[in-house]
Amino acid sequence: MKGISIIIPTYNGGAVFKKLLQMIKQQKYEGEIQVIVIDSGSNDGTCQEAINANADLIRINNKDF
């Protein structure tokens, strides 16, 4: 089965990021949808939202972003 990967860089994505994850989940696609979140030090719950959405979370240091 074919699939797609969506890569999202984040830093304190807040409500907009949460809405984005909800909208991705609502997409109609026959294949697998892999969501990869690369977070650069969020402290507003962005990482937890990514985890809750079953996204692959990669954390990097803010200075490396």
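Criteria and cut-off values
Residues numbered from 1 in each chain as written. Predicted model: local features only at pLDDT ≥ 70, side-chain atom pairs only at ≥ 80, totals over all residues. Heavy atoms only, no water. Helix = DSSP H or I, 4+ residues; strand = E, 2+ residues; numbered from the N terminus. Buried < 20%, exposed > 50% of the residue type's maximum accessible area, 1.4 Å probe, protein only. Contact = heavy atoms within 4.5 Å. Pairing = 2+ DSSP bridges. Right-handed = clockwise from strand over helix to strand, strands pointing away. Axes fitted to C-alpha atoms, helices over the stretch in contact; angles between N-to-C directions. Expected span 1.5 Å × (residues − 1). Arc of directions from axis to C-beta.

This part takes up the overall build of the chain. Scanning the chain from terminus to terminus reveals two helices and three strands. The N-to-C order of helical and strand elements in the chain reads β-α-β-α-β. By its C-alpha atoms, the chain is 35 × 20 × 15 Å across when sized along the principal axes. Looking at the 65 residues of the chain, the share that counts as buried comes to 25%. Within the chain, counting contacts between residues at least 6 apart in sequence, those at least 24 apart form 60% of the total.

Relative to strand β2 (residues 32-39), strand β1 (residues 3-10) runs parallel, the two sharing eight bridges. Looking across to β2, one finds that Gly3 is bridged to Glu32. Read from β1 through helix α1 (residues 14-25) to β2, the crossover connection turns out right-handed.

Strand order in the open sheet made by the three strands is β1-β2-β3, with parallel pairing throughout. The two strands at the open ends of the sheet, each matched to only one other strand, are β1 and β3 (56-59). Strand-to-strand twist in this sheet, taken as the mean axis angle between neighbours without regard to direction, amounts to 20°. With four bridges joining them, β2 and β3 adopt parallel strand pairing. The residue of β3 that forms the bridge with Ile38 is Ile58.

In this section: α1. Every α-helix carries 3.6 residues per turn, so stepping three or four residues along brings you back to the same face. If you check α1, its first and last C-alpha atoms are 17 Å apart, about what twelve residues at 1.5 Å a residue would give, namely 16 Å. Residues Phe17, Leu21 and Ile24 constitute the buried set of α1. Projection of α1 onto a plane perpendicular to its axis shows the buried side chains occupying an angular sector of 65°, all on one side. Among the exposed residues of α1, those pointing more than 90 degrees away from its buried face are Ala15 and Val16. Looking at the buried residues of α1, the elements they touch are β1, β2 and α2 (46-52).

Mapping Ile8 onto the fold places it in strand β1. Owing to a relative accessible area of 9%, Ile8 belongs among the buried residues under this scheme. Between the C-alpha atoms of Ile8 and Val35, which are 27 residues apart in sequence, the distance is 7.6 Å.

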